[in-house]
Amino acid sequence: MSTDRETTRIVRSWLEEGVTALPDRVLDTVLDQLPATPQRRSWWPARRIAHMNSYARIAIAAAAVLVVAVLGYNLLPRTGGIGGQPTPVPTVTPTAAPTASPASSPSGPPELTQGDLTHGAYSFSNPTLTEVPFTVTVSSGWTFNTDNMLFRGLNWKDDGVALTTWKITHVYADGCKGGALVPAGTKELVVAALAAQLGHETSGPTEVTLGGLPATRFEFSFAPGFDMATCDGGPVLLWPDPGPNTNGGLPMFAGQTTTVYVMEGNGKAFAVVTIRNAAAPASHAAELQAILDSIEFQV
Amino acid sequence: MDTDLVMRAQHGDRGAYALVAGAIADRFLAVARRILRDRDLAEDATQQALLAIWQDLPQLKDPARFEAWSYRLLVHACYAEGRKERRWAPNLRLLPVDEPAADEDLSSVIDRDQLERGFRRLSIDHRTVVVLYHYLDTPLDEIARILEIPVGTAHSRLHHAMRGMRAALDADSRPKAREVAL
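In what follows, the accompanying structure is described. (Residues numbered from 1 in each chain as written. Chains lettered and ligands numbered in written order. Predicted model: local features only at pLDDT ≥ 70, side-chain atom pairs only at ≥ 80, totals over all residues. Heavy atoms only, no water.)

### Focus on the overall build of chain B
A tally of regular secondary structure across chain B gives 9 helices and 0 strands. Contacts spanning at least 24 positions in sequence make up 68% of the contacts within chain B whose residues lie at least 6 apart. Of the roughly 8500 Å² of accessible surface on chain B, a fraction of 53% belongs to carbon and sulfur atoms. (Helix = DSSP H or I, 4+ residues; strand = E, 2+ residues; numbered from the N terminus. Contact = heavy atoms within 4.5 Å. Areas by Shrake-Rupley, 256 points an atom, 1.4 Å probe, with all protein chains shown as cover.)

Listed below in structure tokens is the structure:
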């Protein structure tokens, strides 16, 4: 067995290997782009307000309050919500006494940010990646990464469990072979496309409730002996990023079971997704289920 | 880094920035390659970072802090490139194999393979801390500033990453069940 010191020595030595020189073409490309790349100046120095007279400061403060009030009023929930469904009656989710909690904010749990998490409630609310914001209660030991992925374990692709959300506009007709895309902007179209999708074993669709709202549940896995090498380009792909942007998308790797809850919000389809690797311990899977059970949509 | 060059570049002097970029380019690529384990992605990240530095240079308050500040932008670019890779492309392209020395024995080749696989299993967060700490010799408090995370988180990531690397090294050195039986 390696000692910590030996591991450090080996890793440092390995990192030192290899001579690296940036090809001239890369640097030339950068320099060629400079004339067309304006520099960003600081356009609103913080100190600027300090030089204003009292009346100006009061006027700005009043205007800010007015803007917040108008925005707040407009953001108040109307009748309906996700998919036009009635706003659910708030429920109390029982949670264990936190040992260490994230800083709370007056408007609710803090947004998930990249890094290791402490026990507490967090919000999936990145508008680029999240159709309808929702909160989850997470135990310590979980990590949030740059893929908008909440995961437990060393790596969500190999041995971990994970939860994420995705806006969906298209679905691959064949997850294994890729290529053809089925337009699927609504929940019904996504459900139909996933039910017909080739390239994996499918369980579902099943009508369920998630976070108090209706969802259609699928569970995708691989048959014993499935050879991922037969798939074009590597993993099975369920859907691309919205657009469609085929530079991104949700992959399924060997040994994974992916559970998809198809939902609708703002008239658009989205999914809450859980991923469980075969190598993930049962305790992690139980924590994942607890997080799923804690979901509360902010509608 | 020559702070005078940095200050001239801050004021839009493209000639000065060409010298700045030329001075940091190879180092940036080296760091990006080690984080991303992919030459093409690393070149893209380096290119994006060099452009981002040019764009944001006027906002750098202290030119003497250029190095740490520029690494923050490089790491952001690596994360952006890594996101493309991880959401979609599992076919990680192997780095061109560094030529082993002629007298290397089999064990060092195996080590390299184990290290490569172990490192690829780490999240990009963990890989970044390992590279900044063990390759650039950046202190943990400085890493925390670069990554905009608490020092404790930087320490924790390094610990978990090195534990993962140690596990990778140990995993393949354990005798197989069949060998034990024999």
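### Digging into the overall build of chain A
In terms of regular secondary structure, chain A is built from 5 helices and 15 strands. Expressed as a percentage of its 299 residues, the buried residues of chain A come to 40%. Looking at chain A as shown, the accessible area adds up to about 15200 Å², and 58% of this sits on carbon and sulfur atoms. (Buried < 20%, exposed > 50% of the residue type's maximum accessible area, 1.4 Å probe, protein only.)

### Some remarks on the packing of helix α2 (residues 24-33) of chain A against helix α3 (residues 39-56) of chain B
It is the contact of α2(A) with α3(B), at a shortest axis distance of 10 Å, that shows an interaxial angle of 30°. When the axes of α2(A) and α3(B) are compared, the pair comes out roughly parallel. Of the two possible hands of crossing, α2(A) and α3(B) adopt the one that is right-handed. Counted together, A:Arg25, A:Val26, A:Leu27, A:Thr29, A:Val30 and A:Gln33 of α2(A) and B:Glu43, B:Gln47, B:Leu50 and B:Leu51 of α3(B) form the full contact between these two elements. By residue class, the composition of the contact of α2(A) with α3(B) is 5 nonpolar, 3 polar and 2 charged. (Axes fitted to C-alpha atoms, helices over the stretch in contact; angles between N-to-C directions. Parallel < 35°, antiparallel > 145°, perpendicular 65-115°, else oblique. Left-handed = near helix turned anticlockwise from the far one by under 90°. Nonpolar A, V, L, I, M, F, W, Y, C, P; charged D, E, K, R; others polar.)

### Let's talk about the nonpolar core
In this structure, B:Tyr17, B:Leu50, B:Ile53, B:Leu57 and B:Phe66 are the most contacted members of the largest nonpolar core, which totals 68 residues. Looking at this core, the element that brings in the most residues is helix α2 (residues 14-36) of chain B, giving 13 residues. Once you skip the residues sitting within four places of it in the chain, B:Leu57 turns out to touch A:Gln39, B:Val6, B:Ala9, B:Gln10, B:Tyr17, B:Phe66 and B:Trp69. Grouped together as the second largest cluster of nonpolar side chains are 30 residues, A:Ala193, A:Phe222, A:Cys231 and A:Val260 included. (Core = buried A, V, L, I, M, F, W, Y, C linked by side-chain atoms within 4.5 Å.)

### A few points about the sheet that holds strand β2 (residues 120-124) of chain A
Consider a sheet: its strands pair through backbone hydrogen bonds, and that pairing is either parallel or antiparallel. Ordered by their spatial adjacency, 3 strands build an open sheet running β2-β3-β15 (chain A), and the pairing between neighbours is antiparallel. If you trace the sheet from one side to the other, it starts and ends with β2 and β15 (296-297) of chain A, each paired once. (Pairing = 2+ DSSP bridges.)

### What to know about the interface of chain B and chain A
Tallying the contact residues gives 63 residues for chain B and 64 residues for chain A. Here chain B and chain A share an interface that buries about 5700 Å² over both sides, 54% of which is from carbon and sulfur atoms. Our count for the contact surface shared by chain B and chain A stands at 2 salt bridges. One salt bridge in this structure joins A:Arg25 and B:Glu43, with 2.9 Å as the shortest N-O distance. Run the count over chain B and chain A and you get 7 residue pairs in polar contact (both at pLDDT 80 or more). Here the side of chain B that touches chain A gets 11 residues from one element, more than from any other, and that element is α2(B). (Buried area = accessible area lost by both parts, 1.4 Å probe. Salt bridge = Lys/Arg side-chain N within 4 Å of Asp/Glu carboxyl O. Polar contact = N/O pair within 3.5 Å; in protein donor to acceptor, adjacent residues only side chain to side chain.)

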